[in-house]
Amino acid sequence: MKGTGKVDKKKISKMIADGQAILGVELGSTRIKAVLIAPDHTPIAQGSHEWENRLVDGIWTYSLEDIWSGLQDAYADLANHVRTEYGEKLTRLAAMGFSAMMHGYLVFDEKDELLVPFRTWRNTITEEAAEKLTELFRYNIPQRWSIAHLYQAILNKEEHVSKIAFQTTLAGYIHWQLTGQKVVGVGEASGMFPIDSKTKDYNRKMVTDFETLTEAAGMPWKLADIYPKVLLAGESAGELTEAGARLLDPTGTLQAGIPVCPPEGDAGTGMAATNSVKVRTGNVSAGTSIFAMVVLERELANVHRELDMVTTPTGDPVAMVHCNNCTSDLNAWVGIFKEFAEASGMSISMDQLYGTLYNKALEGDTDCGGVLAYNYFSGEGVTAFDAGRPLLVRQPDAKFNLANFMRANLYSAAATLKVGLDILLKEEKVQVDSMLGHGGLFKTKGVGQRIMAAAMNAPVAVMETAGEGGAWGIALLAAYMVNGEGMTLDQYLEKCVFAGAEGSVIEPDPADVAGFDAFIEKYVAGLPIERAAVEHMN
């Protein structure tokens, strides 16, 4: 990422006063984050607000009051940072953009009144609809997708469904309220309904097939009438209205008329923030959960329930493998070693402990010497588990030592992801030139990268900017809208944002690749052990 080098507060103050800064805001599941960037894309200020979803009548939700009070608080925190750090008020901006967690269900009537509480992506209440739509479309429809929520409400004969005038996502809702425009970016749209990568719009045949279902159910609307318009990165998505400016900034300081980019989901902003929008590139995020996204050269040949299909912010097809469990069990084991060190009278920092244990793993056998670990704190859709039990198991003659123990736990953190990626890379023959790794698994230099390179049999890079996050990603998309004329998004990111960015790349070691493959063969064969633990450890 190009940067300002040594911070020149006078220059930044003038730039802010002149309205050259760009705002990005992302609403995550536990935090709303606002980031202000300079014209060279360097973050110069940020604000945040912590929040949590609520379980109300069996539905995971956020109230509209939560949404707006949280958004206003995050923006106010940012504005206060700008005021205290640079002595300026935020009155004008060059552009802005809004992003949020994808999918879910927000429906409104013809008076723009919310019909039922917001149903977030976290709800797993649409199994029947997801299965029927997957069969109808011959396209994987996960439970969290907006269309699955809509069809499940129809199947449930919910009274509100006939009154729907507009359905959108959280990002789409915020954008609508701030600009008056009922639109979503194509990446966000791809979590609502399947996208045709040729037309960069909702798949027309599937829309027709779905409307046949709604006609049979007696719905007075058509999908095309109630779904938001799809826009691509770089296209104008309206301007901040007077009412929108007051909604975001009740103090009345922020002025209307600011260009706003298409609202995107967290998958699309993650791709932008990691420079992973080009064909045959991808990114893997590894923390409490783990997911990988790969930009495809073509649509997949077959339907796989283990693979979600979304798009880049410019509409290119992306395959995603998402797993619920990654580092939680690994962290728990490291905590045990921390306890032992303290009980022995030793003082050791967590960074030193992680570094020692992770690097010790690299001394282990490439197949972990007969040691198996399952990191399932919760269920996993990829391997068809509704619940999980963390588990360590080994053969009596296994080479059970610290190196193999740690290597098995590191492999386990990426194992379920590898099961899904093997479908993508081996069955579908998808080619990957490079992957960008980010998240806690990659903090110990070189170790997580090497494990992931072995899992994917592809180079894995870690860049210093990878931790900037989705709010920075949507700010980049807003910058591209106003400054990217004549360039594709991947060209803009490569030339204007990430040129000269520092990072490291690790190529896959053939011995590691073969060892991980051998481990996965035993891991899959041993899944009945994990299932037995779930069934009998209640």
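The notes below deal with the structure included here.

**Side note on the sheet that holds strand β6 (residues 95–100)**
Logical step 1: The 5 strands lie next to each other as β3-β2-β1-β6-β13, forming an open sheet whose pairing is mixed. Since the sheet does not close on itself, it has two edges, and those belong to β3 (43–50) and β13 (264–265), each with one partner.
Logical step 2: Two elements, strand β1 (residues 22–27) and β6, share 6 bridges in a ladder whose sense is parallel. Bridge pairing in β6 places Glu26 opposite Ser99.

**Focus: the sheet that holds strand β20 (residues 434–438)**
Logical step 1: The strand order across the open sheet formed by 7 strands is β16-β17-β15-β14-β20-β21-β22, and the pairing between neighbours is mixed. Either end of the sheet is taken by a strand with one partner, and the two such strands are β16 (308–311) and β22 (503–506). Between one strand and the next, the sheet's axes are offset by a mean angle of 25°, whatever the strand orientation.
Logical step 2: Contacts from helix α13 (residues 402–427) reach β14 (281–286), β15 (290–295) and β17 (317–323), with the element oriented near 25° to β15.

**Here's the deal with helix α3 (residues 127–137)**
Logical step 1: The complete set of buried residues in α3 reads Ala129, Ala130, Leu133, Thr134 and Phe137. The arc enclosing the buried residues of α3, seen along the axis, measures out at 130°, which places them on a common side.
Logical step 2: Looking at the packing, one finds that the buried side of α3 touches α4 (146–155) and α7 (204–216).
Logical step 3: Just beyond α3, the residue with positive phi is Arg138, at close to 55°.

**Description of the packing of aromatic side chains**
Note on aromatic pairs: each is described by the distance of the centres and the angle between the planes.
Logical step 1: Per the stated rule, a full pass over the model turns up 24 aromatic pairs.
Logical step 2: Ring geometry for Phe108 and Trp176: centres 5.0 Å apart, planes at 75°, overall edge-to-face. Pair noted here: Phe108 is in strand β7 (residues 106–108) and Trp176 is in helix α5 (residues 170–179), with a separation of 68 residues, a long-range link.
Logical step 3: For Phe108, a relative accessible area of 1% corresponds to the buried category.
Logical step 4: Each ring, one from Tyr202 and one from Tyr227, has its centre 5.6 Å from the other, and the planes form 65°; the classification is edge-to-face. A residue pair is termed long-range when its members are at least 10 positions apart, and Tyr202 in strand β11 (residues 201–202) and Tyr227 in the loop between α8 (223–226) and β12 (229–231) qualify at 25 residues. Each member of the pair Tyr202 and Tyr227 is classed as buried.
Logical step 5: An aromatic cluster of at least three residues, connected via ring pairs, comprises Trp68, Phe108, Phe166, Tyr173 and Trp176.

Scoring rules and cut-offs
- Residues numbered from 1 in each chain as written.
- Predicted model: local features only at pLDDT ≥ 70, side-chain atom pairs only at ≥ 80, totals over all residues.
- Heavy atoms only, no water.
- Pairing = 2+ DSSP bridges.
- Helix = DSSP H or I, 4+ residues; strand = E, 2+ residues; numbered from the N terminus.
- Axes fitted to C-alpha atoms, helices over the stretch in contact; angles between N-to-C directions.
- Contact = heavy atoms within 4.5 Å.
- Buried < 20%, exposed > 50% of the residue type's maximum accessible area, 1.4 Å probe, protein only.
- Arc of directions from axis to C-beta.
- Phe/Tyr/Trp six-rings, centres within 6.5 Å; stacked < 30°, edge-to-face > 60°.

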